[in-house]
Amino acid sequence: MLKILKYSFFDLIRSKWSYVYFFFYLVISSSLLYLSGDISKVIISLMNIILILVPLIASIFGVMYYYNSREFTELLLAQPIKRTNIFLGQYIGLAVSLSSSLLFGLGIPFLVFGIFRSSEIWNFIILIVTGIFLTFIFSAISFLVALKNENRLKGFGIVIFLWMFMAIIYDGLFLLSLIVFKEYPLETISLILSMLNPIDLSRILILLKLDISALMGYTGAVFRKFFGTDTGLLLSTLILIMWTVLPVWAIVRVSGRKNF
Amino acid sequence: MNRPKNHCDDSCLQLGLLFLMTFYSFFCAASTVKVDQNGKVKTIHEALVMTTPGDTVLVYGGNYSEGTILIDKPLTLIGIDRPIIDGHDRESDIIIIASDSVTLEGFTIQNAGTSYIKDLAGIRVRRKNSFVIRNNHLINTMFGIYLEKANDGKIVDNQVIGQAIEEVSSGNGIHAWYCKNLFISGNTIESHRDGIYFEFVESSQLIDNISRNNLRYGLHFMFSNNDEYTNNLFEKNGAGVAVMFSKNINMYHNTFTNNWGSASYGLLLKEIYDARIEENIFDGNTMGIKVDGSTRVTYHNNDFENNGWAIKFVGGSYDNKINNNNFISNSFDLVLESARNNNTIDGNYWSSYTGYDLDKNGIGDIPFRPVKLFSYIVSRTPESMVLLRSLFIDIIDFSEKVRPMFTPENVMDHAPLMNKVVY
C-alpha cells in the first residue's frame, strides 16, 4: 500500500493542479495578511474560504483523479496486490497531497508573518486542522461516488450536488425547519443537526474559538454546556474523525465487491 | 409634659458643649491618642472615650475585635501597619460613622457575617457628611461601605473583597442611598452582588475604580442624576454597568470586558435620558450595550470590539446619536428593530463595511446597513445561532442588504468611514 500511496502522492505533487492549488492559498493568505495586518481578522476571512472551497476542490479533484487514473488502476488490479491496498493507497495519496498544498499554502505566509509569536496560534491550528479534516472527508466521499458510478458525467454531477447540498442547501433546510418548529424545544435537535454535516461541524469548531461571546448569549442549558466547556470541542473532533472513517470504510467495502 | 423640658436640657447641653469645644480648640491644639495592644491604651473603644473632637487616633498593628465601633465625634483614625478590626461573623456592623468630618484610614475590616434580614456593613455612614474613607481593606463584610443620606464624602483607594455566592445572601461593595457629592476613586471591588450601587445619588464622581467578578452589576445606578464615571474597569461581572431610570449620566473612558452570559452586558441602559457615552472600550462582551429605552443619548468615539452584539436596542429609543464609533469584528454590529426610527448613526467605522471610496475623502460612497437579517432571525428563533457565519446565512444577509424586507429600511450609516476613528 505504501508504494502505491507514494506513487499517487508524487504523481499528484508533480501535477500542475497541485501547484495552482498551493499558489492560490499562498496568494490569498499572504495578500489578506498584507492588506489587513490583523491575524485574527484574516483567520475569520480564511475560515469562510476554507469551509466552502476545500470541500469543493477535494470533491472535484477526487473524482477527476479516480477517472483519470482508471487505466492505471486496471493495470494494478491485474497484479497480485490486494484491492484494499490499491484504493486506499490512491485515496490517501490524493488526500495527503491536497492537504499539504493547503498546509504549506496557508502556513508559509503565516509563518513569515510571525504566527508563533501571536496569541492567535490556537485559532490558526484549528483552522488548518479542520481544513485537513474536510479534505480527507470530501476526497473520500468523491472517491466513493466515483467507484460507484462508471459514468463520469454522473459522477461529477453527484459530487457537485453533494457539495452544494452540504455547503448551502442543508443550512437552508435547517433554518427553515427551525423557523417552522420554533414553538418546540429545539436546542438539542439543532445541535444534533449541525453535527450531521461535516461543513457545519467544522464551522462550529472554529466558532467555538472565535465567536464564543455571541454563542454565550443564548439561554438554553444544553447550548451553554456544549459551547461553554471543552465538551463541545471534544465531541466535534470525535464526530469529524467518524466522518473521515466512515467513507473510507465504505471505499474498502465497495472496492472489494466491485467488478472491473 | 416631659418632652419640652428634655429638649431644652438637650439643647442647653449641646450649646454648652459647643461653647466648650470652641473654647477647647481655640486654646489647645488637637491631641493624638495612640492605641497599641502593648501600650497604655489597648482598645479603640477606650481611645474613643478619651478623645475630644478634632483629635487623631493612631491605631498600631494587631487584631482588634471589639464589637461595633461607633465613631460619634469628628476624629481622624489612622491605622499603622494595617491593624485588623474583626467582626467575627457576629452579624452586626463593624464601624459606624455617626459624626461629620470623620477620617478613617489604613485599616483591615473583616468578617461582618451574613444576614438575610439586616444589611450588615463593614463601614456604615449614617446621615453624616464630609467623611473620608481611605486605603482600607474590607474583607467579607456583606456590604462593604454603606452610605445612608451621607453627603460630600470621599472614598479613595480601598479594596473591598467579598465572598458572594448568591444574590440573596450578599451585599454591595459600595452602597449609596440618597447621597450627594460623593467622590469615589481608585477602589478595587470584587465578588459582591453589585460592585457599586447608587440609589438617589446626585452629582457624584467615580474615577479609576476596578470592579470585577460581581454577581450582578459592576456599577448600578437607580434614579440617580447628574453623575459621572470615568476611567473605570468593569470585568467579568454579570453585567458591567447598569444605568436605570437616570438622567444626565456621563460615561467616559471606561473599559467593559469579558461580561459573558445569556443576560450579560457591558452596559445596560434602561429608561435613561440625556446621557453621554464617550471614548469607552467594549471588548469581548456577549452584548456591548443593551439599550432598553434611551432618549437623547450620545454614543461617541467608543470602540466596540469582538462582542457578540455591539449595540442592541429593544423598545422605543429616540433621538440618539451614534457617531464616530469603531465597530470591529463583532458578530452583530447593531440591532434596531423598531420601524420608526429617528436616531442618527452616521460617520462610524464598521469593519464589516464592504463599500468603496472613489473620491478618496475617507467616507464610503455607498451607505452601510448595520442591521443584518440574521440578527432578526436569531431574535425570533435563538437556536438558529448555530448557523452563524454559514454560507447560506451570508447569502440571505446579502440579499436582504440589497433589498431590505424584514429589517428597518431607514437604519443606515450614510457616511461610513473607511478608516478607524482615532481619538
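This is a predicted model, so every value here is computed, not measured.

### Considering the confidence of the model for chain B
Next, step 1: Mean pLDDT over chain B stands at 88; residues scoring 70 or higher make up 93%.
Next, step 2: In the predicted complex, the global pTM is 0.82; the interface-specific ipTM is 0.85.

### Here we look at unusual backbone geometry
Residues and elements named next belong to chain B.
Next, step 1: The residue Ser130 is not glycine, and still its phi comes out positive at about 55°.
Next, step 2: Relative to the helices and strands, Ser130 is located in the loop between strand 10 (121-126) and strand 11 (132-134).
Next, step 3: For Asn324, which is not a glycine, the phi torsion comes out positive at approximately 55°.
Next, step 4: Inspection of the secondary structure puts Asn324 in the loop between strand 35 (321-323) and strand 36 (326-328).

### Description of the sheet that holds strand 4 (residues 69-71) of chain B
Residue and element names in this part refer to chain B.
Next, step 1: Taken in spatial order, the 12 strands make up an open sheet running 4-7-10-13-16-19-22-25-28-31-34-37, and their pairing is parallel. Each of the sheet's edge strands pairs with one partner strand only, and the pair in question is strand 4 and strand 37 (332-336). Strand-to-strand twist of the sheet, defined as the mean angle between neighbouring strand axes without regard to direction, takes the value 10°.
Next, step 2: In terms of strand pairing, strand 4 meets strand 7 (residues 95-97) through 3 bridges, oriented parallel. Looking at strand 7, one finds that Ile71 is bridged to Ile97.

### Here's the deal with the environment of B:Met142
All names here are of chain B.
Next, step 1: With respect to the helices, strands and loops of the structure, Met142 is situated in the loop between strand 12 (137-141) and strand 13 (143-148).
Next, step 2: Here the alpha-carbon distance between Met142 and Phe198, two residues 56 residues apart in the chain, equals 17 Å.
Next, step 3: Beyond its immediate chain neighbours, meaning those up to four positions away, Met142 contacts Ala112, Gly113, Thr114, Ser115, Leu120, Ala121, Ser170 and Gly171.

### Focus: the interface of chain B and chain A
Frequently, the measure chosen for interface size is the accessible area removed from exposure when the parts meet.
Next, step 1: Between chain B and chain A, the residue contacts involve 24 residues of the former and 29 residues of the latter.
Next, step 2: Here the residues of the side of chain B that touches chain A sort into 9 nonpolar, 13 polar and 2 charged.

### Looking at the nonpolar core
Next, step 1: In this structure, B:Ile95, B:Ile123 and B:Ile145 are the most contacted members of the largest nonpolar core, which totals 90 residues.
Next, step 2: With sequence-adjacent residues up to four places away left out, B:Ile145 is seen in contact with B:Ala121, B:Gly122, B:Ile123, B:Ile133, B:Leu138, B:Ile155, B:Val160 and B:Ile174.

### Looking at helix 5 (residues 83-113) of chain A
Residue and element names in this part refer to chain A.
Next, step 1: Helix length check: helix 5 (31 residues) gives 45 Å between terminal C-alpha atoms against 45 Å at 1.5 Å per residue, within 8%.
Next, step 2: Of all the bends found along helix 5, the most pronounced is centred on Gly107 and spans about 30°, while Pro109, a proline, follows it within four residues.
Next, step 3: The first or second residue beyond helix 5 is Gly114, which carries a positive phi of 90°.

Criteria and cut-off values
Residues numbered from 1 in each chain as written. Chains lettered and ligands numbered in written order. Predicted model: local features only at pLDDT ≥ 70, side-chain atom pairs only at ≥ 80, totals over all residues. pLDDT = per-residue confidence, 0-100. Helix = DSSP H or I, 4+ residues; strand = E, 2+ residues; numbered from the N terminus. Pairing = 2+ DSSP bridges. Axes fitted to C-alpha atoms, helices over the stretch in contact; angles between N-to-C directions. Contact = placed C-beta atoms within 7 Å. Nonpolar A, V, L, I, M, F, W, Y, C, P; charged D, E, K, R; others polar. Core = buried A, V, L, I, M, F, W, Y, C linked by C-beta atoms within 7 Å. Buried ≥ 20, exposed ≤ 12 C-beta atoms within 10 Å, placed from the backbone. Expected span 1.5 Å × (residues − 1). Bend = angle between axes of the 7 residues up to and from the residue.

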